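Architecture at a glance
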Amino acid sequence: MSDRTVIPLRQATAAGQHRQLSIRVLRYNPQEPGSVPHMQAYDLEEADGMTLFIALNEIREKQDASLQFDFVCRAGICGSCAMVIDGRPGLACRTLTQNLGTVITLAPLPVFELIGDLSVDTGKWMRAMSEHLQGWLHMKQEELDLSRLEERMEPELADKIYELDRCIECGCCVAGCGTARMREDFVGAVGLNRIARFRIDPRDTRTDDDFYELIGDDQGVFGCMSLLACHDVCPKDLPLATQIAFMRRKMAGVGLK
Amino acid sequence: MRIIVTDVLVIGGGLAGLRMGIGAKRRGHDVVILSLVPPKRSHSAAAQGGMQASLGNVIKGQGDNEDVHFEDTVRGSDWGADQRVVRMFVNTAPKAVRELAAWGVPWSRVQKGDRDVIINGAKTTITERDEAHGLVAQRDFGGTKKWRTCYVSDSTGHAMLNAVSDQAIAHAIPVHERMEALALIHDAGRCHGAIVRNLVSGELVAYVAKATAVASGGAGRLYRATTNAVICEGTGIAIALETGVATIGNMEAIQFHPTTIFPAGILVTEGCRGDGGLLRDVDGKRFMPDYEPEKKELASRDVVSRRMEEHIQSGKGVKSRFGEHLWLDITLLGAAHIDRNLREVKDICRYFLGIDPIKDWIPVRPSQHYTMGGIRTNHTGESPMLKGLFAAGEAACWDMHGFNRLGGNSVAETVVGGMIVGEFIGDFCDRPENNVQLSTALIGEFLQREQAKIDTFIDGGGKEEANAIRGEMQDLMTAKVGIFRKGEDLAAAVEGLQALLRRSRNIGLRYRARGANPELVAAYRVQKMLKLALCVAYGALTRTESRGAHFRQDFPRRNDEQWLKRTLATWPHADDTLPTLAWEPLDVMQMELPPGWRGYGTKDYVDHPATAVRVAEVAAIREKGGEARRATLQEQLMPFQDLLPERFRGPNERIDEPLSLRVQSTATATARQR
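Residues numbered from 1 in each chain as written. Chains lettered and ligands numbered in written order. Predicted model: local features only at pLDDT ≥ 70, side-chain atom pairs only at ≥ 80, totals over all residues. Heavy atoms only, no water.

For chain A, the helix and strand inventory stands at nine helices and seven strands. In terms of overall dimensions, chain A has a C-alpha envelope of 65 × 45 × 35 Å along the principal axes. Counting every position in chain A, which comprises 257 residues, the buried fraction comes to 55%. Here chain A has roughly 10,800 Å² of accessible surface; of this, 52% comes from carbon and sulfur atoms. Once the 29 positive and 38 negative side-chain charges of chain A are each reduced to a mean point, those two points are 3 Å apart. (Helix = DSSP H or I, 4+ residues; strand = E, 2+ residues; numbered from the N terminus. Buried < 20%, exposed > 50% of the residue type's maximum accessible area, 1.4 Å probe, protein only. Areas by Shrake-Rupley, 256 points an atom, 1.4 Å probe, with all protein chains shown as cover. Lys, Arg positive; Asp, Glu negative; His and termini not counted. Charge placed at Lys NZ, Arg CZ, Asp CG, Glu CD.)

With that settled, the discussion passes to the confidence of the model for chain B. Per-residue pLDDT for chain B averages 95, and the proportion of residues at 70 or more is 98%. Of the regions scoring below 50 in pLDDT, residues 662-674 of chain B engages in 24 contacts with residues more than four places distant in sequence or in other chains. (pLDDT = per-residue confidence, 0-100. Contact = heavy atoms within 4.5 Å.)

What follows is about the pattern of salt bridges. Residues and elements named next belong to chain B. Per the stated rule, a full pass over the model turns up 89 salt bridges over all chains. The partner of aspartate 166 in a salt bridge is lysine 40, with the nearest N and O atoms 2.9 Å apart. With aspartate 166 in helix α4 (residues 156-170) and lysine 40 in the loop between β2 (31-35) and β3 (51-52), this residue pair connects regions lying 126 residues apart in the sequence. Judged by relative accessible area, aspartate 166 falls into the buried class, the value being 5%. Overall, lysine 40 belongs to the buried group, its relative accessible area being 12%. With a closest N to O distance of 3.1 Å, arginine 129 and aspartate 656 form a salt bridge. Here aspartate 656 lies in the loop between α18 (630-637) and α19 (667-673) and arginine 129 lies in the loop between β5 (122-128) and β6 (138-139), a separation of 527 residues in the sequence. Among the residues examined, arginine 129 registers a relative accessible area of 11% and is labelled buried. If you follow the salt bridges from partner to partner, you end up with Asp78, Glu252, Asp302, Arg306, Arg543, Glu545, Arg547, Arg558, Asp560 and Arg598 in one network. (Salt bridge = Lys/Arg side-chain N within 4 Å of Asp/Glu carboxyl O.)

A few words now on the interface of chain A and chain B. One frequent convention defines the size of an interface as the accessible area lost when the parts assemble. Opposite the 81 residues of chain A that make contact, chain B presents 85 residues. Both sides together, the interface formed by chain A and chain B hides about 6,600 Å², and carbon and sulfur atoms give 51% of it. Viewed at the interface, chain B and chain A are joined by eleven salt bridges. Among the ionic pairs, Arg194(A) bridges to Asp166(B), the shortest N-O distance being 2.6 Å. Linking chain A to chain B there are 37 residue pairs in polar contact (both at pLDDT 80 or more). Contributing elements (two or more residues each) for the side of chain A that touches chain B: α1 (52-62), β7 (119-120), α2 (122-132), α3 (155-165) and α6 (188-199) of chain A. Taken together, the residues of the side of chain A that touches chain B sort by class into 33 nonpolar, 16 polar and 32 charged. (Buried area = accessible area lost by both parts, 1.4 Å probe. Polar contact = N/O pair within 3.5 Å; in protein donor to acceptor, adjacent residues only side chain to side chain. Nonpolar A, V, L, I, M, F, W, Y, C, P; charged D, E, K, R; others polar.)

For the structure on display, the rule yields 16 cavities of 30 Å³ or more. The space that makes up the second largest cavity amounts to roughly 170 Å³. Along its surface, the second largest cavity is lined by 16 residues, and Glu169(A), Pro39(B), Ser165(B), Ile169(B) and Glu177(B) are the ones closest to its centre. Of all the secondary-structure elements, those providing two or more residues to the lining of the second largest cavity are α2 of chain A together with α4 and β8 (175-177) of chain B. Tallied by class, the residues present in the lining of the second largest cavity amount to seven nonpolar, three polar and six charged. (1 Å grid on protein atoms, 1.4 Å probe; cavity = no way out; pocket = protein on both sides within 12 Å on 5 of 7 lines; lining within 4 Å. Points joined across faces, edges and corners; volume = space filled by probe spheres on them.)

The description of two packed helices rests on the angle between their axes and on the distance between the axes. Residue and element names in this part refer to chain B. Here helix α17 (residues 611-625) crosses α18 at 150°, and the two axes come no closer than 10 Å. Compared by their axis directions, α17 and α18 come out roughly antiparallel. Where α17 crosses over α18, the two elements pack in a sense that is right-handed. Here Arg614, Val618, Ile621, Arg622 and Gly625 of α17 come into contact with α18, specifically with Leu633, Gln636 and Leu637. Looking at the contact of α17 with α18, its residues break down into four nonpolar, two polar and two charged. (Axes fitted to C-alpha atoms, helices over the stretch in contact; angles between N-to-C directions. Parallel < 35°, antiparallel > 145°, perpendicular 65-115°, else oblique. Left-handed = near helix turned anticlockwise from the far one by under 90°.)

As a further point, take the environment of Val221(A). Mapping Val221(A) onto the fold places it in the loop between α7 (208-215) and α8 (229-233). Residue class for Val221(A) comes out buried when judged on its relative accessible area of 0%.

Okay, unusual backbone geometry next. Cis geometry is adopted by the peptide bond preceding Pro263(B), which originates at Phe262(B) and carries an omega value of 5°. With respect to the helices and strands, Pro263(B) occurs in the loop between β13 (254-261) and α6 (271-274). Look at Val111(A): it is not a glycine, yet its phi comes out positive at around 75°. Relative to the helices and strands, Val111(A) is located in the loop between β5 (103-107) and β6 (114-116).

Residues and elements named next belong to chain B. Counting 183 residues, the largest nonpolar core has Met51, Trp107, Ile362 and Ile425 as its most contacted members. Counting residues per element, this core draws most heavily on helix α3 (residues 83-103), at twelve residues. Listed in part, the 83 residues of the second largest apolar core include Ile239, Ile375, Ala391 and Ala395. (Core = buried A, V, L, I, M, F, W, Y, C linked by side-chain atoms within 4.5 Å.)

Let's shift gears to the pairing of strand β3 (residues 82-85) of chain A. Across the two faces of β3(A) the burial is the same, with Ala82(A) and Val84(A) and Met83(A) and Ile85(A) all buried. Counted between consecutive antiparallel strands, the loop separating β3(A) from strand β4 (residues 88-91) of chain A contains two residues, among which Asp86(A) sits at a positive phi close to 50°. (Pairing = 2+ DSSP bridges.)

Residue and element names in this part refer to chain A. The strand order across the open sheet built from five strands is β2-β1-β5-β3-β4, with neighbouring strands paired in mixed fashion. This sheet does not close on itself; its edge strands, each paired only once, are β2 (38-45) and β4. Between one strand and the next, the sheet's axes are offset by a mean angle of 35°, whatever the strand orientation. Pairing geometry for β3 and β4, over four bridges, is antiparallel. By the bridge assignment for β4, valine 84 is matched with proline 89. Lying over the sheet, α1 contacts β1 (20-27), β2, β3 and β5, oriented at roughly 100° with respect to β2.

With that settled, consider α1(A). For α1(A), the complete set of buried residues consists of Leu52(A), Phe53(A), Ala55(A), Leu56(A), Ile59(A) and Arg60(A). On its buried face, α1(A) is in contact with β1, β2, β3 and β5 of chain A together with α15 (518-542) of chain B.

This next bit is on a nonpolar patch on the surface. All names here are of chain A. Side chains of Met182, Met225 and Leu227 sit close together on the surface and give an oily, nonpolar patch of about 340 Å² of accessible area. Within the secondary structure layout, leucine 227 lies in the loop between α7 and α8. Among the residues examined, leucine 227 registers a relative accessible area of 59% and is labelled exposed. (Patch = residues over 30% accessible without salt bridge, like charges linked within 9 Å, V, L, I, M, F, W, Y side chains within 5 Å.)

The next subject is α3(A). Inspection of α3(A) places Pro155(A), Ala158(A), Ile161(A), Tyr162(A), Leu164(A) and Asp165(A) among the buried residues, and these make up the whole buried set. Close packing links the buried residues of α3(A) with α6 and α9 (240-256) of chain A together with α4 and α10 (343-353) of chain B.

Turning to the sheet that holds strand β20 (residues 396-397) of chain B, a few remarks are in order. Within a sheet, neighbouring strands are paired by backbone hydrogen bonds and run either parallel or antiparallel to one another. Reading across the sheet, the five strands line up as β20-β18-β12-β22-β23 (chain B) and stay open at both edges, with mixed pairing between neighbours. Edge positions in the open sheet fall to β20 and β23 (580-585) of chain B, since each of these has one partner strand only.

So, in C-alpha cells, the structure goes:
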C-alpha cells in the first residue's frame, strides 16, 4: 500500500547491461557561509540489488565527500533515512533503484530542521512532540515488585498495542502532512498514533479527559484536515487514517460533554 | 572552552545506556546521555527475535528457572564467561522483563488451549495451560534447553527501546544527540568524563562527570559483511583502549550469525529457526541433523555458522552471481504465523530480496553479528583499572558471554546490565570522595590534544584516504579473521592491519570543512577502529586453541589447560602499532559448572588440571544437599546474591514456583542475614 510496486530482483544481468543512473540531490548546507540551495546531479552505474543506501554511499566515497545523509540500520527498521524520493517521503535504505527510473530526485524531508543536504533533525522534533504529549506510559505506581508474576494481558490486546507501537518515528507522515506545513506545532500522525497507542493500553492510567487535554485542539486531533497522506506514505503501514478518525470521534465526545 | 558538568555521563543512547541513565537518575543523580543518533534509532532496535528470561510460562518452558538459564549460558560461552556474572544476569532477567512489561512493552502473551507448532520439521499440537493465559510468552531459540525467549513479534528490541526511551523522557533525562565522544578525560587512574565533538557544528565540548559510562555497542563494522548498523564501529570501546590504562577483554571473540540475508548481510532472526524453520542446501536437503544430531538447527550460533560454512565448502552451497549461499526455509510455518510473529522478516525479504518467505526460501549465509569482548569491567560494571569508568551492554566485557553469546541474551544483557550497573553508578556517585575535583588545565590539555588531531587531518597535508583504508581493513578482517581462522592468515592480518594503522596516521581530507564532515568523521574513526581490529586479530593469533566463536583450524581443540583465561588488551603508547596483551585466568575451583562438553559441537577438548577436582567437589555438594531447595544448593556451590544491588536480589515467582512457598530457605534470606 505504502510503497511502489515491488518487482522481484532481476534475474542475472549480463555484464555491461546495467543502467546508468542520474541521482539529483537537493543540496544546501546551512552551516556553510555562502551555501545556497541547489540541485546537484551524480551519475553512476546501477548494480544488482542496489538500494539508495548503496548508491548514496558510493557517491560519497567516490564522487563527493561532502554529501550529507543519515543511515543507521540500513534494514528499514530504525527510521533514520527518510527523505523525499521522487516527490514522495520514504525510507531510502530499503528503496531499490531498480524500482525507480534512471533519473532519481532526492530531497530532505520538509518540516524538520535541516542539518545539511538530505540530513534533517527528526530527533529534536520527536523529543519535543513526546514531551508535549507526555508520550510515555503513565504507570499506576512507580515502585514495582519485580519478583512477582507480571500482570496478565489478553494476547489479542497485546497484538493490538504492538500494531500501533510499530511506529519508527521516521517522520514520513509529518513530511507528507498538509497541516504540519502550516502549523509548526501540529503533533502529526506520529503524535496522534502515540496517544491512540497509550489509550488502548490498560497499563496507562490516563482517561479520555486527560488525553483531551493533550490533543483536543488544533495542535492535536482537530488540526488534521483529513488529507491522509500520512497514511499513504507510512513505511510501516500503520492504520493512521482509522486511528485519527477514531481519536477525533472520541475527543469530540469528550469536548461535547 | 565549553565545559558541561554532570554527575553521570552516559556515552550511548541505546537500551543499556538509557537504562543505566534511568537507574542513576532515580537515585537522585544528574545524568546526560550522549548519542550519535536519536536514541530510538540505536542498534538496540535491531534485536528481532527476543530476550531470554526464565519465566517458564509456556508449556515448552515449564520447569525453566535460573539454574537452567545459567547452565545454557555457560555452555554457550564455552566456559569463557564469568559464572558469577552469569548468575547475576539470569537472576535479574525475569525482573527486567517484568519491569519492561510495566513500562509498556507489548510482550506477546500466552493464549490458553491447543495450538499447532513446528518442532523438528513436523507439525505438533501443544496445549498451553489455563493458568498461563495472558502471561508473557516464550519461543524457542538456539542453545537453550527450554523455550525461554520472550518476544514482541519479531521486533522485540524496537518495542523495548520505545518503552525505555519513553521512560528516559519521562525522567527528563537530556539526550545530547549527534554528539560523539572522542576521548576520555582521565588522570592517575581516575576517569573524569570525555571530550565530545558536535557532529553538526564540529565544536569540541568537555563533559565532566563523577561517573562516565560507556554503552556504545559493538564493533561489527570492523568487518565488510555484518548485520550491525553503520554506527556500530566500536569507537566507544576504542576510547577506553586509548586511555592506555583501561583493559579491553576478549576482543578475539566475535560472533557470526548463521542467518543473514545474502548478500546484504541483513539479519533474519534466530526466531525463524526457533519457530521451526530449517536450513537447506543446493539440493533442498535439510543438512543440519547430519552434523548436529542433538540440537540440529538450534545448536549455538558459533556451531551452526561453522557447519554452514563447512557444508558450503563440501560443495553443497547454492551458487549465485554474488557467491555461494544456503537456504532458510520458513514456508512450513505458514502464512498466519509469519504474518503475526515474523513480519519484519517478511518485510526485509520483500524489500531487499523481492521474495515472499511464505512461499519462497530465503538465501542466507553467516555474517559478523556480535562483539563478545569489550571494556573489561568487574561485576559492578566498573573498569578495574580506571576508577569512575563504567560500561554495560555490548561495549562491555562484564563477561557473561565468554566466547559465544546465546541468541536472546544480548538484548537481555542491555537492560539487565543497565539495571545493575545503573545502581552501582548510583552507589559510586553517593560517595563524597567521588566528587569531581579536577583542574581546568587538565581538561584543556585533553581538549587541545583532540583539537590538534582534527587540525592535522584538515591541514596536515596527509595523502592517505580514510575510506580506502577502512575498506582494506574490512576486507582483511572478513578474509582472514572470520569464522575459520589459522595462524598464517592471522599473522598476515596483523601485519596488514599494522601497515594500515601506520598509513592512517597520514590521512588527509578532500573535503576540509570543520563542521559537519563525513570524511573527517571517517578519518578519526578509522584510526580507532584499526586499533580494535588489531586487538581482535592479535588476540586471535595468540590464542592457540578453539573456544566458542574463536575457531582455529590449526588448533581445533578447546584447551582448558592453557587457555581457560581472558585476553586483556591495553594500548599504553599512542604510537604503538600492537596492543599489549595479558591474560587473566578463570578459576575452575570457583565455578558452579566446571568445564565439560557443551551438549553440541565437538566433544574433543583438553581438560584443566583442576577440572576433575572441582567436578568431584560439586558432585559431593550436590549429593550431600540431597532434596534441598535449589537456591540453597546453589548458594553452597557459588554464592552470588551478595554481589547484586539489593533491590535486584531474591527469587523470581513462576506459575510453578509461587513466591510464598519459597520464603523460608532462599539464598536471599541467607544473604540478608549476614
